[in-house]
Number of protein chains: 2
Amino acid sequence: MRSPKGMLLPRIRAARVRRGNLYQTLRAAVLEGAFRPGQRFPSSRQAAADYGISRGLVEEVFTQLTDEGFLERGVGRGTFIASRVAQLTPAKGKKKRKRSPSPSRRGLAISANAACREPEIPVAFNAGTADIKEFPWERWRLLEARAARELGHEGLRFTDPRGLWSLRTAVARYVAQFRGMHCEPGQVIVFNSAQQALNAISILLLDRGDAAWMEDPGYLGARAAFGIAGARIVPVPVDDQGMRVDMGMRCSPRARLVYITPSHQYPTGAALSLERRIALLDWSRRNDSWIVEDDYDGEFGYDGQLLTPLYSIDTDSRVLYIGTLNKAMFASLRLAYAIVPERLVELLANIRTQLDGFTPAVTQMAMSLFMEEGFFSVHLRRMRALYKAKRTALIEALSPLVACRWQCPTRPAGMHLVVRHQDGGLVRALAEASSLDLALLSSYRITRASGDGLFLRYGALEISSLQAGAASLVATAARIRR
Amino acid sequence: MRSPKGMLLPRIRAARVRRGNLYQTLRAAVLEGAFRPGQRFPSSRQAAADYGISRGLVEEVFTQLTDEGFLERGVGRGTFIASRVAQLTPAKGKKKRKRSPSPSRRGLAISANAACREPEIPVAFNAGTADIKEFPWERWRLLEARAARELGHEGLRFTDPRGLWSLRTAVARYVAQFRGMHCEPGQVIVFNSAQQALNAISILLLDRGDAAWMEDPGYLGARAAFGIAGARIVPVPVDDQGMRVDMGMRCSPRARLVYITPSHQYPTGAALSLERRIALLDWSRRNDSWIVEDDYDGEFGYDGQLLTPLYSIDTDSRVLYIGTLNKAMFASLRLAYAIVPERLVELLANIRTQLDGFTPAVTQMAMSLFMEEGFFSVHLRRMRALYKAKRTALIEALSPLVACRWQCPTRPAGMHLVVRHQDGGLVRALAEASSLDLALLSSYRITRASGDGLFLRYGALEISSLQAGAASLVATAARIRR
């Protein structure tokens, strides 16, 4: 046994102890196995002298380490390393595990989905997000500062998880004006993103194993939400009139919920025909099912209005409507909304608090000021013209592909487009040969299908760079065909 | 059949059509069933004349309604209401459902949990959140503005879902300095709240049906997270040395994950003894289980440091550490973090994007400036002194209860405290008789137990109001005993 008069930590230079934190140094030494269990410590007086620090400080540290169970002290017996410390470091004979345990199968599946991860640097053609160069940044900062001033300390507190009343009112007015929808502000719930709204709704409406239709190809974020909720996903094919409602009814006539993007199908851009809208509503009424309508870029129909939302045709309060402001404004805004039957509002708000709490009040108030003072509709008008010009330029630049039996969409809407070819092998060869950042339509599919396409996201790209991208694509396609 | 020359909408005053939006008015009339299927419309020329608007506008509206499938037009035949419109309004013979379908059983259970909903107005004793009156608001606004300037357009974009590097670095330095923990910035992931981190971790590490221990009484947000993840919750009793690890091992020896608040058990305030820490780590190593350590108010130990985190004793990378900044700063900050083995970082980030996307960059950068420039440690020091003074005042004011065999905690930490009594009926009678906003300890329990307590949250209360609250509590208790 070492002499209790020896230096407490002979391997540690006194300078380190003096400079740093004696408690942390000693604790680290204990955890690293520098002491033998039962080893006696010098007295606090001795340690204080050795290291040139006050005895009071040493006493404090010894007390803390004793409280934690690392040391044992007895009146008149001195201070010892506790015997239990032996168990802290793995015995040398045992094999030390190098790796922690594995994640769950479900966790690996959901994290592999990676449906909602956007690229940090927008290049052709990965950029389906808002063009932020056109955003009225100065105006926004002024409104944020005003919102912070007006809210004062209220802005720092826990905020109503349903959302700020002023924003819920502004959203209700906005959807009335731009989408012809009638709802009360009390039916609006604010979320960080459409994806979060979809998660909360899936948790609220679905029990594990319940069937949920989704479009195929479709929005993979819905797959994630249903995966988290433990629902059984029923992929329903999509054609140029949107979801094949008849096939859904045949494959899964008793589904509990339908997730659908009727105005501008994601990712193909198709619009759901009125026949199918009626058939879907009619089936859902007979079957007592929910419909979740994701109007993910309802702001960006370029010729006249987008189609009437299902929400407006529903006479039965079974359609829940989701919209986002992160596309119309900018990605890091983190504001979206759901419009739901009133009796679901409190339930959803409670689920929201158990996901991540609430959305900060200042951003919500700044957004409601931006809407109520007319800046939002001005901004939308400008962005609509800009995205339309981008889309037109892109379709024009892609026209040589159409001559080679590629199909280009015609509906003038959105911040991305899909170009397709019956020969799936050709599409995949083109994607592989190209140096562009391209996504395959098939990566949005749940089931396999013949043919394939390229999902070109252009929202955030300059016209010149999307033209250069399209030219590169056309050139690679010509090279491949040879 | 009505004459094609008649007014299109005889029931609607022309003024309404002129003033408003012809498209929306006509569409609403169609949806309300104002027209018979097959009914012929007047020509666009006629309608333009009737309503005194341009023929071009009428043509546009008719085209949109035709595109949507509400109207049918034939060259030389005129414009008719489509026959499918008959199906839009429920037939009169059928009973119209008044209510939409029901939420799921799981959804109702989780929304009923309401574990994370904080009161909007802090009164005695519902106020376990930060005291925002003491927050250096002006300084924070300056840092936010500086962060917005420095980030420029980058601040509006999609942000790295792992978090901003500068904040991850600042957090790694902070936990090293204040909690004696060693981690790389690359192991830190930023979330909106500890609850969100817990949700992401549960989804990643647990498969449906996997057993997860949690403390009983414990943090009900963990119950929500495990409920969403579909795990089987194993409630493990708590005594004055924290979780009864031995009971956990007996009830559920093969659990996949343990959720624990070892430094300051929530809500009882107990600290997990070193014996139990060693036993827990040892069991988890043999059983290859994960440990999730929630250090939910690790900043607020008032006498010296809080106990060493399990994270620091773990030699095996099986402890995931969760901390929040929303308590040390202010509730609407929405910043928390998890410190995890490096190989889980990307997986958790992908799951995060599928929950709600990411945390905005500006707030993250402002927080990292607040930390790196020393404002955070100054603020923590002030708040620690303040909460300690509040706690001391509260315990002093509650001392008459101790004389009546109520138990008051001794560990000087936190923003709430639990006072207990062996007679659960007495506790519940007191809560019922009192006009204060009181929470029962039993409401944090999963299983029943004898005795009960009051969970008094005082963080955001003025000393005078918590003294008044305590006096009222003492008076009510005296009245009840009579």
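Reading the values: the criteria
- Residues numbered from 1 in each chain as written.
- Chains lettered and ligands numbered in written order.
- Predicted model: local features only at pLDDT ≥ 70, side-chain atom pairs only at ≥ 80, totals over all residues.
- Heavy atoms only, no water.
- Core = buried A, V, L, I, M, F, W, Y, C linked by side-chain atoms within 4.5 Å.
- Buried < 20%, exposed > 50% of the residue type's maximum accessible area, 1.4 Å probe, protein only.
- Contact = heavy atoms within 4.5 Å.
- Pairing = 2+ DSSP bridges.
- Helix = DSSP H or I, 4+ residues; strand = E, 2+ residues; numbered from the N terminus.
- Axes fitted to C-alpha atoms, helices over the stretch in contact; angles between N-to-C directions.
- Phe/Tyr/Trp six-rings, centres within 6.5 Å; stacked < 30°, edge-to-face > 60°.
- Lys, Arg positive; Asp, Glu negative; His and termini not counted.
- Salt bridge = Lys/Arg side-chain N within 4 Å of Asp/Glu carboxyl O.
- Least-squares fit on C-alpha atoms with pLDDT ≥ 70 in both.

1. Brief notes about the nonpolar core
Ranked by internal contacts, the top residues of the largest apolar core, which has 172 residues, are A:Met367 and B:Met367. Setting aside its immediate chain neighbours within four residues, B:Met367 contacts B:Trp140, B:Leu167, B:Leu325, B:Met329, B:Leu333, B:Leu335 and B:Phe376. A:Leu206, A:Met214, B:Trp290 and B:Val340 belong to the second-largest nonpolar core, a separate cluster that totals 84 residues.

2. Some thoughts on the sheet that holds strand 2 (residues 71-74) of chain A
All names here are of chain A. Strand order in the open sheet formed by 3 strands is 1-3-2, with antiparallel pairing between adjacent strands. The open sheet is flanked by strand 1 (40-41) and strand 2, the only strands paired with a single partner. Sheet analysis places strand 1 next to strand 3 (residues 78-81), joined by 2 bridges and oriented antiparallel. Within strand 3, the position partnered with arginine 40 by the bridge is phenylalanine 80. Along the sheet, helix 4 (residues 55-67) makes contact with strand 1, strand 2 and strand 3, crossing strand 2 at roughly 110°.

3. Quick word on unusual backbone geometry
Trans peptide bonds make up the majority, and among non-glycine residues the majority have a negative phi. Here the amide bond leading from A:Ala124 into A:Phe125 is cis, since omega sits at 0°, within 30 degrees of zero. Its place among the elements puts A:Phe125 in the loop between helix 5 (105-113) and helix 6 (137-151). Cis geometry marks the peptide bond from B:Tyr266 to B:Pro267; its omega dihedral reads 5°. The residue B:Pro267 is located in the loop between strand 8 (257-260) and helix 11 (274-287) in this model.

4. Remarks on the packing of aromatic side chains
In this description, an aromatic ring pair is defined by two values, namely the gap between the centres and the angle between the planes. As enumerated under the stated definition, the model contains 42 aromatic pairs over all chains in all. When the centroid spacing of 4.8 Å and the interplanar angle of 70° are considered together, the rings of A:Phe135 and A:Phe330 count as edge-to-face. Linking A:Phe135 in the loop between helix 5 and helix 6 with A:Phe330 in the loop between strand 10 (319-324) and strand 11 (336-339), this pair joins segments that are 195 residues apart in sequence. Neither residue differs from the other here; A:Phe135 and A:Phe330 are each classed as buried. For the pair B:Tyr266 and B:Tyr296, a centre-to-centre distance of 5.0 Å together with 90° between the ring planes defines the contact as edge-to-face.

5. Regarding the side chain of B:Arg445
Residue and element names in this part refer to chain B. Structurally, the position occupied by arginine 445 is in the loop between strand 13 (439-440) and strand 14 (452-457). Here arginine 445 sits buried without a salt bridge, and the closest side chain of opposite charge, aspartate 216, lies 4.4 Å off (N-O distance). Residues contacting arginine 445, with those up to four places away along its chain left out, are Asp216, Pro217, Arg223 and Arg420.

6. Thoughts on the relation of the copies chain B and chain A
Structural alignment of chain B on chain A gives an RMSD of 0.1 Å, achieved by rotating through 180° and translating 0.0 Å along the axis. Considering both components of the superposition, the chain copies are consistent with a two-fold axis. The share of interface residues of chain B whose copies in chain A are also at the interface is 99%, consistent with both copies meeting through the same surface.

Keep in mind these numbers describe shape, not what the thing actually does.
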